[in-house]
Amino acid sequence: MQLIDCGTGAESWYDRAVIWRNRTLRLLDHVPVPIAVCEYGGRIILANRAMAAEFGLMTGQLQHRKILDLFTLRDSATLPVLAEAVRLHRRSQYDARVSWTAAGNIERHGEMNVALVSDTPEEQPNLLLSLRTHPEPQAPPPVPPPAPRAEVSPTEARILAAAARGATTARIAKEIGLTTDGVNYHLTRLSRRWHVPNRTALVARAYAYGVLAADAWPPEPAHRT
């Protein structure tokens, strides 16, 4: 009969268990999803780098900490559901809404998938946790500043509207009831005030300043409040 050294055999299985545990840890550290394994009572057995990075910590700093010291359950019914699953020896997965304060004191929200795992149905399960982070809300696009306003007289607004239609100085004078010199006076005065070199630029500036209605044709003065 061949003799078996029980002590050596026990050490061999222990060594193999350590090797496979270390391999599992190395594998988990390369998974980008935050993962942790906890005792049923909530004490962390191990966590991967992604989980530790959520809190700006090293993986060893999470070991033995309570998972509920790190995460806040957003649904109070989650714990009773898990307790009932353990009592009935279920091996289902459950999703729990959670929030936590991440590194940099940033409040974050997400879903924690909780799977009950054990080697045998009779054994008290551990909790395999994987975290799915909700995307950070995008900041609304900046509101463009209101268009600059320019104070013009009703006569100046009518002259600008006529100029925008392409009317000649003589035509504008007849329409407004001024002399051509009077029209030129107003146009020159506006050009100097707005620092523009010609009539085309003057009309463009009138639209930019909201003096002329942007959605009207033929051009007309805007209704200003």
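Cut-offs used in this document
- Residues numbered from 1 in each chain as written.
- Predicted model: local features only at pLDDT ≥ 70, side-chain atom pairs only at ≥ 80, totals over all residues.
- Heavy atoms only, no water.
- Buried < 20%, exposed > 50% of the residue type's maximum accessible area, 1.4 Å probe, protein only.
- Helix = DSSP H or I, 4+ residues; strand = E, 2+ residues; numbered from the N terminus.
- Contact = heavy atoms within 4.5 Å.
- Pairing = 2+ DSSP bridges.
- 1 Å grid on protein atoms, 1.4 Å probe; cavity = no way out; pocket = protein on both sides within 12 Å on 5 of 7 lines; lining within 4 Å.
- Points joined across faces, edges and corners; volume = space filled by probe spheres on them.
- Nonpolar A, V, L, I, M, F, W, Y, C, P; charged D, E, K, R; others polar.
- Axes fitted to C-alpha atoms, helices over the stretch in contact; angles between N-to-C directions.
- Parallel < 35°, antiparallel > 145°, perpendicular 65-115°, else oblique.

Draft legend 1. Quick peek at helix 6 (residues 154-164). Across the 11 residues of helix 6, eight count as buried, placing the element largely inside the fold. Buried residues of helix 6: Glu 156, Ala 157, Ile 159, Leu 160, Ala 161, Ala 162, Ala 163 and Ala 164, and no others. On its buried face, helix 6 sits against helix 7 (169-176), helix 8 (180-194) and helix 9 (199-208). Following helix 6 by one or two positions, Gly 166 adopts a phi angle in the positive range, close to 95 degrees.

Draft legend 2. Molecular detail of the pairing of strand 4 (residues 93-102). The pairing of strand 3 (residues 72-73) with strand 4 spans two bridges and is antiparallel. Note on strand 4: the bridge partner recorded for Leu 73 is Val 98. Two elements, strand 4 and strand 5 (residues 106-117), share 10 bridges in a ladder whose sense is antiparallel. Bridged to Gln 93 within strand 5 is Ala 115. Linking strand 4 back to strand 5 in an antiparallel pair, the connection comprises three residues, with Gly 104 at a positive phi of about 85 degrees.

Draft legend 3. Layout of the sheet that holds strand 1 (residues 35-38). Ordered in space as 2-1-6-5-4-3, the six strands form an open sheet in which the pairing is antiparallel. Edge positions in the open sheet fall to strand 2 (44-47) and strand 3, since each of these has one partner strand only. With eight bridges joining them, strand 5 and strand 6 (residues 126-133) adopt antiparallel strand pairing. When the bridges of strand 6 are listed, Leu 116 appears paired with Leu 127.

Draft legend 4. Seen up close, the layout of surface pockets. Approximately 270 Å³ is the volume found for the largest pocket. As for the largest pocket, its lining consists of 18 residues, of which Ile 67, Leu 68, Leu 79, Leu 82 and Leu 127 are closest to the centre. Elements supplying a minimum of two residues to the lining of the largest pocket: helix 4 (67-70), helix 5 (78-87), strand 4, strand 5 and strand 6. Broken down by element, the residue count for the lining of the largest pocket peaks at four residues, all from helix 5. For the lining of the largest pocket, the per-class residue count stands at 14 nonpolar, three polar and one charged.

Draft legend 5. The packing of helix 7 against helix 8, seen in detail. At a minimum axis separation of 8 Å, helix 7 and helix 8 run at an interaxial angle of 100 degrees. The orientation of helix 7 relative to helix 8 falls into the category roughly perpendicular. Every residue of helix 8 that contacts helix 7 at Thr 169, Ala 170, Ile 172 and Ala 173 is listed here: Thr 180, Val 183 and Asn 184. Its residues assigned to classes, the contact of helix 7 with helix 8 comprises four nonpolar, three polar and no charged.

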